[in-house]
Each structure stands twice: as structure tokens, then as C-alpha cells.
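Below, each chain spelled out in residue letters.
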Amino acid sequence: MADLTTDFVGIKSPNPFWLASAPPTDKEYNVRRAFEAGWGGVVWKTLGAEGPPVVNVNGPRYGAIYGADRRLLGLNNIELITDRPLEVNLEEMARVKADYPDRALIASIMVPCEEAAWKAILPRVAETGADGIELNFGCPHGMSERGMGSAVGQVPEYIEMVTRWCKEYYDRPVIVKLTPNITDIRKPAEAARNGGADAVSLINTINSITSVDLDQMCPQPTIDGKGSHGGYCGPAVKPIALSMVSEIARAEATRGMPISGIGGVTTWRDAAEFMALGCGNVQVCTAAMTYGFRIVEEMTRGLSAWMDEKGYTSTAEIVGRAVPNVTDWQYLNLNYVTKARIDQDACIQCGRCYAACEDTSHQAIAMKPGRVFEVVDEECVACNLCVDVCPVEDCITMVELEPGATDPRTGRVVESEYANWTTHPNNPAAQAAE
Ligand SMILES: Cc1cc2nc3c(=O)[nH]c(=O)nc-3n(C[C@H](O)[C@H](O)[C@H](O)COP(=O)(O)O)c2cc1C
């Protein structure tokens, strides 16, 4: 059986599935139940400085985007950091950590960007026995207007400065949680590394307005006739998170830096993808909020079964495995030719591939009598749109032309020597290596 245990910056957990800092990790009751369900670790809902707790809105705080089957694809929230007193959170964290020593417990923190504020809270967090801290430089709403959260995460100099304070006043691992609301994610990651961070985690939520109530003419969720932008997460954000993770994994300045992957993880496969792109573990929020804590059972079972099937014996073997295959566009093999193929037995003759290709692409699908759809190889540029719009899985696939075959569209022979693109003289990477 595959070994799911992970060692992330020295923090051990029985599996790579941690709950991200959010409502599921807001209190002792939740976290105990999460651990009983099998979660490997939690990042406690973000703690603020000593003083009167923040006050949340009392109207709806979430908005959602659904698929046609009402499956939740994207979740938007206008919630703040914890609204429970610091003392209560710290006491609960200490109790939970003492009772679950084999699970990871991380304290997420967001206090003002002043040395004294960090110096004051860090020893108190250390006393709880938490395994490490995560700096919330990502929250895009409510706290950022007060100069915290993404207001810090968008300024690399602040990230470096605060990370340094944390490394000075706290002796366990420091994870810097990054905001995706920035042009180049490599810059804040580099700043975190320069400040001495042990790892980065990403992504926090993306600035968003989910929808507009057209009767009230107001963004939703609507609070007494007004709305505000919130933070977007859930399955819809996974592609953005994967791309950002891969950029950090590839960049020279941050290569090898441990990454905790967050953003839309819903299945074991999502987790494996994040890990393949360089994440030592993953964090989950929306999936737990949508399906409950027991979803972790499917995640651990699925990951374990896949690892057994592929012959991976430890999670460390997966981490970063896909990174060498992430490249820049100019290095893609232009001599690799595929054509669409339609499985006539699987086709339900809906004609969506035809409409899409005929109206908006390359007129490469012909409609024959009896609504039989056929690919016109002379026109097919292999764009994949027909595959993407087809409602039947695997009905349309892209099939590679063998070396020696002629591409009927360009008249060019697919040359066998191009098959080995990594060493081909036309490949700029190969040229650079010479
Ligand atoms: C309701 C809600 C509250 C959240 N609160 C926090 C928070 O207090 N601190 C934090 O770092 N991230 C917070 N997040 C962001 C999550 O930790 C996570 O980064 C984000 O939801 C992406 O993961 P997901 O797609 O699995 O939900 C919150 C997310 C949601 C939905």
C-alpha cells in the first residue's frame, strides 16, 4: 500500500490533505471532527490581534456559480478573519494539538503590518504547540482595506519584512500564503524566500463579484441594498492556482521552495495534479464546505489506489514530477500533428461539434445525410474545440499522425526525425544547450 504520510517543512501528517484556513477550521468542535474524519492537518481560521474581535456582516456572506446540474463550481465570500476572541482560539488550539499530536496544526495569522503586533502574537501562538504558522497575506476583502491581507501580499517588500519578523520571533516553520490578485506571482514568492520563509501556500481567494441582482441593481451577496467584491474559490479557480504554482516551481529564484497547493481541490486527482506541479501537500476549503468532512475518505482512498496502480510508494515521489514538462510556448513541438476523430457509435448526433467548428472555427466537420458528422482532415487544425463542446466523454478524441504520414491540411510529411523534439535542431532549447 502506498504511504500517504507527508513531511512538509518538517511538519509530519498522515496524509497530504489539510483543511485550509476558513470556516471548517474556525473552532475546536470543527477541527476535532475533521481529524476524526481523517484530515491530515488543519490551518486554523485566521487569528487577528488582541482586542475586540472583528464583526462580520449578518446578511448573506457567500455567493455561488453553478454548473447546469447545480453543482457548485465557484464560491464567493465576504467573510473576515475569525470573529472569535484570540484567547479562546489559542486555548482551543492547544487542547486540540495535545489530543492529536500526529496531525498538523498550523496557526494562520493576520495582524497589522507593524513589528510590535507580530512580536506580541507570535509567542502566544508558540505556546499552543502549533506546528507552524501561515501568514495570511491574501484575503482580498474587508481586511485589505485596513492595510492587511492582500494589501500586504501585493507589496513584495512588505512580505519580506513581515516574514523576517516572524522568523526572528518564532522558531517553527513559517508558511507565507500568497494572494493571486497580483500580476506576477513569482515576485511575492521570491520575497517570501528572501525573508526566510520555509514555504509558500497558494492561492488565497480571487477578487470577484459573483452576480448582480437586476431588481435591486446590486451585487450579490446583497447586504441591505449594497454589495461588495469578495474572494472567489472552489473548482473554478483550480486552473489559475495550478498555473501560479507551476510558475513558482519553475522560477529560478524559488525553485525547490516547498509549496502547499490550494484552490479548488475537490478530488484525489486534483491533489495529485497540484503535487505533480510541485506541491508537498494540498489544502482544501470549498470541497469540505460543499460536501462535508468525510470527503477526505474519497481523497485518501483515491490517491492511495492511484499511487498503487502507478507504482509510487510515497507521496514524495509524486512531488514536482510534471514540472520539467511545463515549458514556454516557444518550446512546443510544432511538428506534432493531431486530427480529431469521431467515434460514430458513441455520437448522439447533437451537432454541437459541427455548429462550433462551422460557425466559429475552421469548417473541419462535415454534416452528412442522416446527421452523420465527419472530420475534414484537410481543414482540421486540431484546435480541440469539438472535443471541448462534445457532451459525450471520449466520443471525439485527437489522434496523432504517425511519422511518415502527410498532413492533408499542410501537405507536409510528419517527419520521424521530428519525433524526438527535445534534441531536434529546430528546438530553441536544444540550440541553447549546444
Ligand atoms: C468562507 C471562506 C472564508 C475564508 N477565510 C479565510 C481566512 O480566514 N484565512 C485565509 O487565509 N483564507 C481564508 N479563505 C480562503 C481559503 O483558505 C482558500 O485559500 C480558498 O478558499 C481556496 O481554496 P478552495 O478553492 O479549496 O476553497 C476563506 C475561504 C472561504 C470560502
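Because the structure is predicted, anything quoted here is derived from the model rather than measured.

1. Some remarks on the domain arrangement of the protein
Where interface size is quoted, it is often the accessible area lost as the parts come together. Here the domain parsing of the protein yields domain 1 (6-325) and domain 2 (330-433). Here domain 1 and domain 2 have C-alpha centroids that lie 39 Å from each other.

2. Let's talk about the state of the cysteines
According to the stated counting rule, one finds 0 disulfides in the structure shown. In this model Cys347 remains outside any disulfide bridge; the closest cysteine sulfur is found in Cys395, 5.0 Å from its own. Not engaged in a disulfide, the cysteine Cys380 finds its nearest cysteine sulfur in Cys386; these two sulfurs lie 6.4 Å apart.

3. Notes on the site of the ligand
Neighbouring the ligand are 23 residues, the closest being Ser21, Thr46, Lys177, Gly264 and Thr286. Here a nitrogen atom of the ligand sits 3.0 Å away from a polar atom, N or O, in the side chain of Asn136. In isolation the ligand exposes 600 Å². Once the protein is present, 99% of that is buried. When atoms are counted within 2 Å of each cavity's grid points, the one that captures over half of the ligand is the largest cavity. When residues of the shell around the ligand are traced back to their parent elements, those giving at least two are strand 4 (41-47) and strand 6 (72-77). Here the shell around the ligand is built from residues that sort into 10 nonpolar, 10 polar and 3 charged.

4. As for a nonpolar patch on the surface
On the surface, a cluster of nonpolar side chains totalling about 430 Å² of accessible area is made up of Ile209, Val212, Leu214 and Met217. Among the secondary structure elements, Met217 is positioned in the loop between strand 12 (211-213) and strand 13 (218-220). According to the relative accessible area criterion, Met217 is exposed, its value standing at 61%.

Conventions and cut-offs
All chains use their own residue numbering, which begins from 1 and follows the written sequence. Per-residue local features of the predicted model are confined to residues with pLDDT of at least 70, and side-chain atom pairs are confined, for both listing and counting, to 80 or more; whole-chain, interface and lining totals are unaffected and use all residues. Hydrogen atoms and water are omitted, and side-chain values are computed over all heavy atoms in the structure. Domain extents, as shown, originate in an automatic or database domain assignment. Disulfide: a pair of cysteine sulfur atoms within 2.5 Å of each other. A single heavy atom is enough: if one lies within 4 Å of a molecule or strand, its residue is considered near that molecule or strand. We define a polar contact as two N or O atoms separated by no more than 3.5 Å, with the added condition that, inside protein, one atom must be a possible hydrogen donor and the other a possible acceptor, whereas residues neighbouring each other in sequence contribute only through side-chain atom pairs. Here the accessible surface of atoms and residues is derived via Shrake-Rupley with a 1.4 Å probe, and residues count as covered only by protein chains that are part of the display. Here a cavity denotes a set of grid points, spaced 1 Å apart and computed over the protein atoms alone, in which a 1.4 Å probe fits but from which it cannot get out, and a pocket denotes an open set meeting protein on both sides within 12 Å along at least five of seven lines; residues with an atom within 4 Å of a point are reported as lining. Whether a molecule lies in a cavity or pocket depends on its atoms, and more than half of them have to be within 2 Å of the grid points. Here a helix means four or more residues in a row that DSSP labels H or I, a strand means two or more in a row labelled E, and each is numbered from the N terminus. In this classification, the charged set is Asp, Glu, Lys and Arg, the nonpolar set is Ala, Val, Leu, Ile, Met, Phe, Trp, Tyr, Cys and Pro, and all remaining amino acids, among them Gly, are polar. Patch membership requires over 30% relative accessible area and the absence of a salt bridge. Like charges are linked within 9 Å, and nonpolar side chains (Val, Leu, Ile, Met, Phe, Trp, Tyr) within 5 Å. What counts as a salt bridge is simple: a side-chain nitrogen of Lys or Arg found within 4 Å of a carboxyl oxygen of Asp or Glu. Classification of residues uses two cut-offs on accessible area relative to the type maximum, computed with a 1.4 Å probe and protein chains only: under 20% is buried, over 50% is exposed, and between them is partly exposed.

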